[in-house]
Amino acid sequence: MPKDFGHGTTADTYMKLLIVESPSKAKTIEKYLDGEYTVRASVGHVRDLPKSNKKAIDIEGGFIPHYEISKGKEKVVHELQELAESAKEIVLAPDPDREGEAIAWHIEELLREDKKVKAPIKRVTFNEITKDAITEALKHPRTIDTDLRQAQEARRVLDRLVGYDLSGIIWQKVRYGLSAGRVQSPALRILVEREREIRAFIPEDYWVLQANVQTKGKAKITLTCVEEPRDRKEVDRILAVGNKEDWLVKDIKETEQKRSPRAPFTTSTLQQAASSRLSFSPARTMQVAQKLYEAGHITYMRTDSTTLSDVAIQGISALVLKKYGKEYLETRTYKTKAKNAQEAHEAIRPTHFEKESVGMTEEQKKLYKLIWERTVSSQMADAKVLKTRVVGNVTSDSIPDFTVTGSQVLFPGWLIADIDARGEDVELPAIAKGEALKLITLEDIAKQTEPPNRYSEAGLVKELEARGIGRPSTYASIMKTIEDRGYVEKIGRSLKPTDTGEVVSSFLEQNFMNYISDTFTADMEDKLDEIANGDLKYKKVLSDFYGPFLKEVKEKQKLDKATTLEKADDKYRCPKCGSTMIVKLGRGGKFLSCDRYPDCDGALTIDGLEIKKDEPIGIDPESGLPIFTMIGRFGPYVQLGEMPPKVKGKKQVKPRMASIPKEVDPTTVTVAMATKYLSLPRTLGQDPKTGLDITANNGRFGPYIAHDGNFRSIKKPLDVYEITLEQALELLAQEKKPRGFQKKK
């Protein structure tokens, strides 16, 4: 009797097996193939390098990687092998990029290991999950592209070699547990360089001058000076002349301008647009786009090409003619700017242009709308805009011109499909050259020049692409990695390097600049592309890199510890010996250490508070344990009892801890205050409906109550130490307010 594999599938010798990456993609494809194929998913990668570097790569043997079945994937691999044993044809169809090619190769290797698998194994790719695309792809099977697969393998091995060796030396010379990466470290360096620019920036005073005037027709307009004086004397001169003399319309210039549509989305430009318009992070954008792709709504979302297929252009043309009219249609081709872009790939576009709205969630609908608008508008006529510039001045023309600009859309063109790109019309009143103007007020607004902005995630993606660092599939993971490692924190939309991030980047810049420079990273990306194209060999690229790299790493073993950052401000003195202080990096961030350390262990927080070691502030009257005030990663806290020593093989039971409120000076904390802080979390009682506990506690973002995974902030006048069960139940009954940035409607 044939073996049952679930989903109505039984193994028989006439079965055709198609293997893709994701289960949702498998379901979509299976519907299109009318039962001709059994479709299964590998659920991403099935093999990877082991965590231990000792057996991961055979360097002497020619950088041969040793792969193991990924943890948790044994069941998936076993099912694929059992199905393959009974199949008459096996087709591998992971995504159409290097990563997909590698997954296909790993699956083939595992199936070949099973001697019972006799069927031929073929590879197919498609750029969209539609019936036509899949049917067409199955007509043109091929073998695994060895060059493409080896390019992915070279990236994986290269990243492991760089990450392992650089991380090892950072553990020794900076702090245990830190790490570095071939692509993440240049990204971090770019953020740190910007932070240094911001700190070094010296603001300058300047003035914006505005003349509020009235026209002959009694309309009021505001003219702004074309110059922004840095000198107060010049400001006073302009004000004196402007208030004394009569004003007139010196000139009116009307120019008709064209606004051309933008190219269809690549991975990078989609992430940037989704960030600015939808407030999506790059990682969120890719997650949502993945769902749209797997459901068959858009083409493959990892691409650096702006090319559209002839079929797509025909589809857009038909839509534009029907929806907007002949005058709105203008087909175009866009040249891809990205170096070594794979022109065979398409831009990200809808698969069915007649569908203006699709998606299972609001996020999917918003992102699809963005993609639809950008793609359709890319094949439309230029917009025509009339710009009107009114120039005003005093009759003697002895001060800089004052101007105002109006704009009016004469023909919307592509803006009719992408309304959010239009902006607002600025209409000016009817006015003539030489017309007298009545000055109402002349204002000077004092301002200061501002430092460059920190990068947002979208801005960093744009910068990485411009410098040739990374590729479409890596941008989102770069952001996630540097945030997860604690090297960067998000402040609003901005990325700010942490103390740890700055120290790690400075250490790498001082000692391994060759390997985290733009040039090296971009050149290595080019070499990986050349492996993919068959122009370079895997072993040569890795051996040319690794020999000099390893030599440099070994030379740096002689370096001293690099936790000292700089000399502290002279106003800070060692609390024990009065000596000067230096800024150092600890596990909790920057702190001030006596420059005589280890002879003197005096220390202060970065704000100048004394850090006392092993000196309790008193004894807890209830437990008899000592109470300490400590400084941690998230600020000062109190601790009940000493930290027990680590014992190998046993779980360390940490003492009870509680945050000290931000408004409290840690040096003033008494035993009574500490016991109050340590009373958290408080169990207020049980919810009468669920019977589960309701607790009150203090967290990173302030006081809160918690019940069965449901949280509410405690706002004044309520107090976390005094809130009652009844008050907590009232808070939980209130609708939860959404967190984060809410776009104005």
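Each remark here, short or long, concerns the structure printed above.
Reference entry: report on the structure contained in this document. Computed from a predicted structure; not experimentally measured. (Residues numbered from 1 in each chain as written. Predicted model: local features only at pLDDT ≥ 70, side-chain atom pairs only at ≥ 80, totals over all residues. Heavy atoms only, no water.)

A separate point is helix 9 (residues 282-294). Every α-helical turn comprises 3.6 residues, leaving residues that sit three or four positions apart pointing alike. For helix 9, built from 13 residues, the straight-helix expectation of 18 Å at 1.5 Å per residue is met to within 8% by its first-to-last C-alpha distance of 18 Å. Taken together, the buried positions of helix 9 are P282, T285, M286, V288, A289, Q290, L292, Y293 and E294. Those residues of helix 9 that are buried are in contact with helix 1 (23-32), helix 8 (267-278), helix 11 (362-377), helix 12 (457-467) and helix 13 (475-484). Immediately beyond the C-terminal end of helix 9, within one or two residues, lies G296, with a positive phi of roughly 85°. (Helix = DSSP H or I, 4+ residues; strand = E, 2+ residues; numbered from the N terminus. Expected span 1.5 Å × (residues − 1). Buried < 20%, exposed > 50% of the residue type's maximum accessible area, 1.4 Å probe, protein only. Contact = heavy atoms within 4.5 Å.)

A cis amide bond links Y597 with the next residue in sequence, P598, at an omega value of 15°. Locating P598 in the fold gives a position in the loop between strand 19 (589-594) and strand 20 (603-605). We note that V43 has phi near 55°; this positive angle belongs to a residue other than glycine. Here V43 lies in the loop between strand 2 (38-41) and strand 3 (47-48). One non-glycine residue, D708, adopts positive backbone phi at about 50°. Mapped onto the fold, D708 is located in the loop between strand 27 (702-707) and strand 28 (710-713).

This part is about the nonpolar core. The biggest cluster of nonpolar side chains holds 78 residues, and the ones touching the most others in it are I90, I170, L460, L464, L508 and F545. At 10 residues, helix 5 (residues 146-173) tops the list of elements feeding residues into this core. Non-local contacts of L464, meaning those with residues more than four positions away in its chain, are made with A187, I190, I469, Y475, I478 and M479. In this structure, V20, L138, L270 and F353 belong to the second largest nonpolar core, which totals 57 residues. (Core = buried A, V, L, I, M, F, W, Y, C linked by side-chain atoms within 4.5 Å.)

On to empty space enclosed by the protein. Regions of empty space are outlined by a rolling probe, equal in size to a water molecule, passed over the atoms. Under the criterion given, the structure shown has 1 cavity of 30 Å³ or more. Quantified by volume, the largest cavity comes out at close to 30 Å³. In this structure, the largest cavity is lined by V46, V77, L80, I107, L110 and L111. Per-element accounting of the lining of the largest cavity gives the leading share, 3 residues, to helix 3 (residues 98-113). Broken down by class, the residue content of the lining of the largest cavity amounts to 6 nonpolar, no polar and no charged. (1 Å grid on protein atoms, 1.4 Å probe; cavity = no way out; pocket = protein on both sides within 12 Å on 5 of 7 lines; lining within 4 Å. Points joined across faces, edges and corners; volume = space filled by probe spheres on them. Nonpolar A, V, L, I, M, F, W, Y, C, P; charged D, E, K, R; others polar.)

This next bit is on the sheet that holds strand 28. Here we have 4 strands laid out as an open sheet, ordered 25-26-27-28, and antiparallel in their pairing. The sheet is open, and its two edges are formed by strand 25 (682-686) and strand 28, each paired on a single side. On average, each strand axis in the sheet is inclined to that of its neighbour by 25°, with strand direction left out of account. Pairing of strand 25 with strand 26 (residues 693-699), which is carried by 4 bridges, proceeds in the antiparallel orientation. Counted as the bridge partner of R682 is A696 from strand 26. (Pairing = 2+ DSSP bridges. Axes fitted to C-alpha atoms, helices over the stretch in contact; angles between N-to-C directions.)

A separate point is the sheet that holds strand 24 (residues 656-659). An order of 21-22-23-24 is seen for the 4 strands of this open sheet, with the pairing classed as antiparallel. In this open sheet, the two strands that pair with only one neighbour each are strand 21 (618-619) and strand 24.

Turning to the packing of helix 6 (residues 184-200) against helix 12, a few remarks are in order. At a minimum axis distance of 11 Å, the contact between helix 6 and helix 12 shows a crossing angle of 115°. The two elements helix 6 and helix 12 cross, and the hand of that crossing is right-handed. Mapping the contact onto sequence places A187, R189, I190, L191 and E193 in helix 6 and L460, E463, L464 and R467 in helix 12. Classifying every residue of the contact of helix 6 with helix 12 by side-chain character gives 5 nonpolar, no polar and 4 charged. (Left-handed = near helix turned anticlockwise from the far one by under 90°.)

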